[in-house]
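Below are the chains, spelled out letter by letter.
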Amino acid sequence: MFASQRLNGSKPEQYAQLAEQARALLDGERDRIANAANLSALVAHALPDLNWAGFYFYDGRELVVGPFQGLPACVRIPLDRGVCGAAARTRSTQRVDDVHAVPDHIACDAASRSELVVPLVDGERLIGVLDLDSPRPARFDADDQAGLEAIARLYVDSLR
Ligand code: SME
């Protein structure tokens, strides 16, 4: 059984511990749904002040919601829309301090105030995005971004 460990120390240290837990969770499994489901649960329980944590997968045309923790979400997101679409289209992490200031932000949960979306890319291939939402403005800083980009890399590597 998986026993989640409390994170402690500086933020980078906490993310290093979280990455260790993620590595253990993904070890020996390549199924993209199973790994996304467990990672969503791990992240949602480990990190404070989140109201949504999960995956969207690219189906060759648009993003389709995958495993997540939080309120039911928009099922499909075109690449030219929203923060998730921008992350997928530009293949670069989108860190938004105030989603109300982003005109085409897609509000799945009205409580969301800030958002971090990390693209999932394997070489040239777009797999999808890892999306985190918070009810707290400016919840995500550069340490969160680096930590979640590392978790996203572990996910992509687990599928190989
Ligand atoms: N806010 C996202 C949509 C996904 S939900 O937050 C779960 C966006 O603007 O792309």
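Look up a bit, the structure's there.
Draft legend 1. Seen up close, the side chain of Gln 21. With respect to the secondary-structure elements, Gln 21 resides in helix α1 (residues 11-26). What makes Gln 21 buried here is its relative accessible area of 9%.

Draft legend 2. Spatial organisation of empty space enclosed by the protein. Overall, the coordinates contain 1 cavity of 30 Å³ or more when judged by the stated rule. What the largest cavity holds in volume is close to 130 Å³. Taken together, 17 residues form the lining of the largest cavity, with Cys 84, Ile 106, Cys 108, Glu 115 and Asp 131 sitting closest to its centre. Elements with a contribution of two residues or more to the lining of the largest cavity: β1 (52-58), α3 (82-90) and β6 (125-134). Residue classes in the lining of the largest cavity are distributed as 9 nonpolar, 3 polar and 5 charged.

Draft legend 3. Geometry of the site of the ligand. Among the 13 residues in the neighbourhood of the ligand, the closest are listed as Val 83, Cys 84, Ile 106, Glu 115 and Asp 133. A distance of 2.7 Å is found between an oxygen atom of the ligand and a backbone nitrogen or oxygen belonging to Cys 84. Contact between the ligand and Glu 115: a nitrogen atom at 3.0 Å from a side-chain N or O atom of the residue. Within the complex, the protein chains bury 100% of what would otherwise be the 300 Å² of accessible surface of the ligand. The site holding the ligand turns out to be the largest cavity. Within the residue set of the shell around the ligand, elements represented by two or more residues are β1, α3 and β6. Looking at the shell around the ligand, its residues break down into 8 nonpolar, 2 polar and 3 charged.

Here is what the cut-offs are and how they apply
- Residues numbered from 1 in each chain as written.
- Predicted model: local features only at pLDDT ≥ 70, side-chain atom pairs only at ≥ 80, totals over all residues.
- Heavy atoms only, no water.
- Helix = DSSP H or I, 4+ residues; strand = E, 2+ residues; numbered from the N terminus.
- Buried < 20%, exposed > 50% of the residue type's maximum accessible area, 1.4 Å probe, protein only.
- 1 Å grid on protein atoms, 1.4 Å probe; cavity = no way out; pocket = protein on both sides within 12 Å on 5 of 7 lines; lining within 4 Å.
- Points joined across faces, edges and corners; volume = space filled by probe spheres on them.
- Nonpolar A, V, L, I, M, F, W, Y, C, P; charged D, E, K, R; others polar.
- Near = heavy atom within 4 Å.
- Polar contact = N/O pair within 3.5 Å; in protein donor to acceptor, adjacent residues only side chain to side chain.
- Areas by Shrake-Rupley, 256 points an atom, 1.4 Å probe, with all protein chains shown as cover.
- Sits in = over half its atoms within 2 Å of the grid points.

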